[in-house]
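Read off the chains here:
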2 protein chains.
Amino acid sequence: MERQFDDYKAIVNKHLLDFIPVIDNKSISLYDAMKYSLTAGGKRLRPALLLAACEFAGGNIKEALPYAIAVEYIHTYSLIHDDLPAMDNDDLRRGLPTNHKVYGEAMAILAGDGLLNTAFEVMYKDMMMYFDDAAQMTKRVKASYEIAKGAGCRGMVAGQVSDIESEDSDISGEMLEYIHINKTGALIKAAIRAGLYMGNASSEMIEKMDVYAENLGLSFQIADDILDVVGNVEELGKNIGQDQKDNKNTYTSIYGLDAAYKRLDELSKAALDAIADYYDNAEFFSKLIDELKNRTK
Amino acid sequence: MERQFDDYKAIVNKHLLDFIPVIDNKSISLYDAMKYSLTAGGKRLRPALLLAACEFAGGNIKEALPYAIAVEYIHTYSLIHDDLPAMDNDDLRRGLPTNHKVYGEAMAILAGDGLLNTAFEVMYKDMMMYFDDAAQMTKRVKASYEIAKGAGCRGMVAGQVSDIESEDSDISGEMLEYIHINKTGALIKAAIRAGLYMGNASSEMIEKMDVYAENLGLSFQIADDILDVVGNVEELGKNIGQDQKDNKNTYTSIYGLDAAYKRLDELSKAALDAIADYYDNAEFFSKLIDELKNRTK
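## Things to note about unusual backbone geometry
Residue and element names in this part refer to chain B.
Here's step 1: Its identity is not glycine, yet Arg-94 carries a phi of approximately 50°, on the positive side.
Here's step 2: Take Arg-94: it is sitting in the loop between strand 1 (92-93) and strand 2 (96-97).
Here's step 3: Its identity as a non-glycine residue notwithstanding, Asn-200 has a phi of 55°, on the positive side.
Here's step 4: As for its placement among the helices and strands, Asn-200 is situated in the loop between helix 9 (173-198) and helix 10 (203-230).
Here's step 5: Since its relative accessible area comes to 56%, Asn-200 is described here as exposed.

## Overview of the interface of chain A and chain B
Here's step 1: The partner chain B presents 57 residues to the 57 residues of chain A that form the contact.
Here's step 2: Taking both sides of the interface into account, the surface hidden between chain A and chain B amounts to around 5,000 Å²; carbon and sulfur atoms contribute 72%.
Here's step 3: Where chain A packs against chain B, one counts four salt bridges.
Here's step 4: One salt bridge in this structure joins A:Glu174 and B:Lys26, with 3.7 Å as the shortest N-O distance.
Here's step 5: The biggest single contributor to the side of chain A that touches chain B is helix 6 (residues 105-127) of chain A, with 16 residues.
Here's step 6: When its residues are assigned to classes, the side of chain A that touches chain B shows 33 nonpolar, eleven polar and 13 charged.

## Here we look at the relation of the copies chain A and chain B
Here's step 1: Between the two copies, chain A and chain B, the superposition gives an RMSD of 0.0 Å; the rotation angle is 180° and the shift along the axis is 0.0 Å. Taken together, the rotation angle and the small translation identify this as a two-fold axis. Closest approach to the rotation axis among the C-alpha atoms of chain A is made by A:Ala134, whose C-alpha sits 2.3 Å away.

## A word on the environment of B:Ile80
Here's step 1: On the secondary structure map, B:Ile80 appears in helix 4 (residues 61-83).
Here's step 2: Residues B:Ile80 and B:Gly112, 32 residues apart in the sequence, show an inter-C-alpha distance of 6.0 Å.

## Let's talk about the packing of aromatic side chains
Here's step 1: Using the criterion set out here, one finds 20 aromatic pairs over all chains in the structure.
Here's step 2: Plain terms: the ring middles of A:Tyr8 and A:Phe284 are 5.3 Å apart, the flat faces sit at 85° to each other, and that makes the pair edge-to-face. Linking A:Tyr8 in helix 1 (residues 5-15) with A:Phe284 in helix 15 (residues 283-295), this pair joins segments that are 276 residues apart in sequence.
Here's step 3: Owing to a relative accessible area of 3%, A:Tyr8 belongs among the buried residues under this scheme.
Here's step 4: Taking 5.6 Å as the distance between ring centres and 70° as the angle between the ring planes, the aromatic pair formed by B:Tyr36 and B:Tyr103 counts as edge-to-face. Of the two residues, B:Tyr36 sits in helix 2 (residues 28-38) while B:Tyr103 sits in helix 5 (residues 99-103), which places them 67 residues apart along the sequence.
Here's step 5: Joined through ring pairs, the aromatic side chains of A:Phe5, A:Tyr8, A:Phe56, A:Tyr212, A:Tyr278, A:Phe284 and A:Phe285 make up one cluster.

## Thoughts on the pattern of salt bridges
Here's step 1: For the structure on display, the rule yields 42 salt bridges over all chains.
Here's step 2: One salt bridge connects A:Glu214 with A:Lys189, and the closest N-O pair in it is separated by 2.6 Å. Of the two residues, A:Glu214 sits in helix 10 (residues 203-230) while A:Lys189 sits in helix 9 (residues 173-198), which places them 25 residues apart along the sequence.
Here's step 3: A residue is classified by how much of its surface remains accessible, and A:Glu214, at 43% relative accessible area, is partly exposed.
Here's step 4: Among the ionic pairs, B:Lys183 bridges to B:Asp163, the shortest N-O distance being 2.7 Å. Separated by 20 residues along the polypeptide, B:Lys183 in helix 9 and B:Asp163 in helix 8 (residues 156-166) bring together distant segments of the chain.
Here's step 5: Because the salt bridges share partners, they merge into one network encompassing A:Glu63, A:Asp126, A:Lys139 and A:Arg140.

## Examining the nonpolar core
Here's step 1: With 175 residues, the main nonpolar core has A:Tyr212 and B:Tyr212 as its most contacted residues.
Here's step 2: Setting aside chain neighbours within four positions, we find B:Tyr212 in contact with B:Ile192, B:Ala271, B:Ala274, B:Ile275, B:Phe285, B:Leu288 and B:Ile289.

## Description of helix 7 (residues 134-151) of chain B
Here's step 1: With 18 residues, helix 7 of chain B should reach 26 Å at 1.5 Å per residue; the first-to-last C-alpha distance of 25 Å fits that figure.
Here's step 2: With respect to burial, helix 7 of chain B is a largely interior element, 14 of its 18 residues being buried.

## Here we look at the side chain of A:Glu177
Here's step 1: Counting through the fold element by element, A:Glu177 comes out in helix 9.
Here's step 2: Setting aside anything within four residues of it in sequence, one finds A:Glu177 in contact with A:Leu218, A:Tyr251 and A:Arg263.

## A word on a negative patch on the surface
Residues and elements named next belong to chain A.
Here's step 1: Together, Asp-6, Asp-7, Asp-290 and Glu-291 make up a negatively charged patch on the protein surface.
Here's step 2: Of all the secondary structure elements, the ones that give two or more residues to the negative patch are helix 1 and helix 15.
Here's step 3: Mapped onto the elements of the fold, Glu-291 is located in helix 15.

## So, the confidence of the model for chain A
Here's step 1: In the predicted model, chain A carries a mean pLDDT of 92, and the fraction of residues at 70 or more is 95%.
Here's step 2: For this predicted complex, the interface confidence score (ipTM) comes to 0.94, while the overall pTM stands at 0.95.

## Here we look at the packing of helix 6 of chain A against helix 7 (residues 134-151) of chain A
Residues and elements named next belong to chain A.
Here's step 1: The interhelical angle for the contact between helix 6 and helix 7, taken along N-to-C directions, is 170°, at an axis separation of 10 Å. One way to sum up the angle between helix 6 and helix 7 is to call them roughly antiparallel. Taking contact as the criterion, the partners of Phe-120, Met-123, Asp-126 and Met-127 in helix 6 are, on helix 7, Met-137, Arg-140, Val-141, Ser-144, Ile-147 and Ala-148.
Here's step 2: Class assignment for the residues of the contact of helix 6 with helix 7 results in seven nonpolar, one polar and two charged.

Each value, and the rule that gives it
Residues numbered from 1 in each chain as written. Chains lettered and ligands numbered in written order. Predicted model: local features only at pLDDT ≥ 70, side-chain atom pairs only at ≥ 80, totals over all residues. Heavy atoms only, no water. Helix = DSSP H or I, 4+ residues; strand = E, 2+ residues; numbered from the N terminus. Buried < 20%, exposed > 50% of the residue type's maximum accessible area, 1.4 Å probe, protein only. Contact = heavy atoms within 4.5 Å. Buried area = accessible area lost by both parts, 1.4 Å probe. Salt bridge = Lys/Arg side-chain N within 4 Å of Asp/Glu carboxyl O. Nonpolar A, V, L, I, M, F, W, Y, C, P; charged D, E, K, R; others polar. Least-squares fit on C-alpha atoms with pLDDT ≥ 70 in both. Phe/Tyr/Trp six-rings, centres within 6.5 Å; stacked < 30°, edge-to-face > 60°. Core = buried A, V, L, I, M, F, W, Y, C linked by side-chain atoms within 4.5 Å. Expected span 1.5 Å × (residues − 1). Patch = residues over 30% accessible without salt bridge, like charges linked within 9 Å, V, L, I, M, F, W, Y side chains within 5 Å. Areas by Shrake-Rupley, 256 points an atom, 1.4 Å probe, with all protein chains shown as cover. Lys, Arg positive; Asp, Glu negative; His and termini not counted. Charge placed at Lys NZ, Arg CZ, Asp CG, Glu CD. pLDDT = per-residue confidence, 0-100. Axes fitted to C-alpha atoms, helices over the stretch in contact; angles between N-to-C directions. Parallel < 35°, antiparallel > 145°, perpendicular 65-115°, else oblique.

What follows is the structure in structure tokens.
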């Protein structure tokens, strides 16, 4: 019996704070601010994908755990910075006040910086246990590099820049897709790749999962755009109609709701096709696509 | 003939932009904002220390270069975020408008995030060239871990948090030292350690250089505090008297100018004592201490 999404989520939640280094008492407020956003709910999609990808490839999720946690730290830092007044200026996230609403802007910036730094510290610390073992270090360096690349200037940060720059102006569907691929897709793809490396996946499997990941990442953002129109506040834990209010370009604003649903269908199919060869032990990954589609209904 | 500070600085300046990954044309504004702060002057103290430490230990600075550049990316990100309106709210840095004054707050936050991410990407990328060579990977992981730790929640970020929190209130000399050790000292010490690892230094040398680094880091901040009182705007490229204006706690505000000079003398002596055994080939490191003292006169 394969592990389900909620099983991975429970593992992530259980160990989420274990990897934060012991912080001096004088900086306890920094720890509080970091912890606040880490524990304020969240789907844990990226770390769950990383752990699932590791097991999918035949690896041991204990080895993948530091990398899964690091990815969630990076995701959380990005949300804290995204919510800042100078950025999206959001007051509410996952049903709770955003970090800067509770701790102030300066601390929110530093809590984000702290989480990003800590993510890398966690991964290096794990690598430090495998000196003299080139194979063990190699897969860890590969996993970490994917995560750094997915988070950085050719990934999430680039997407966020284009997203901010395109506010209040009409953009092409191509530009919108560029934003989504980078802002959301890059770290999702990186998480899956990192998990696959930790499980010593074959290059054939990595190639096919790349296609799955790209389609999943885009689906995920389109589903998010759809939910901002048809979702309800209680279920989502954030205000709906916010994208429209902020003059954000979304799949629904550019193409309309029907076309967004249609694109979601296409992408879902492409994601499932990519992993068809592995159908027997890819239940986690195929189910995720189905659930994503159902969330928007 | 040993290399001088300006030789290292020239090497850093020459290669400073070489390690930024090719950024998509759609994110060119991100590249511009990152480049602006990277090339807006700067002493290049941390990367110079890293390169010098590598050569001091008998290593090849070509190997250390990616780590030196990564440290300067991290230092630059920290300056961009420090200058933000929510933090120190500085308009002028190294004689030029600060990043957010030119590119706006959102981009300044993202340019900082981009530089921090890129620093780690650069280091991982370098490690990727040494698969199958455990010794080469090991020293690189050690160097990177030091840098991540020095930059993170037990280092620079912690110092910045305490600095922000202590504004507008009187703090003890002990707390001030805690701030300095973390905000400025941690990354300086990490840079020196990283360079020593890259040069395969003995643990005895690393221990002694730790003492040097701790004294240098604190000296450097005290010299900075003194310069904020006695320096001149043209030479410094930033406003003087800014600390007092911001109600910042500094060595001079807590102990007075004379005691600050005295402490600088003590620390300088301790730094030089620590490297006394290496006197014949530690010219770079001893000269640096002398120059630091002279800067404040």
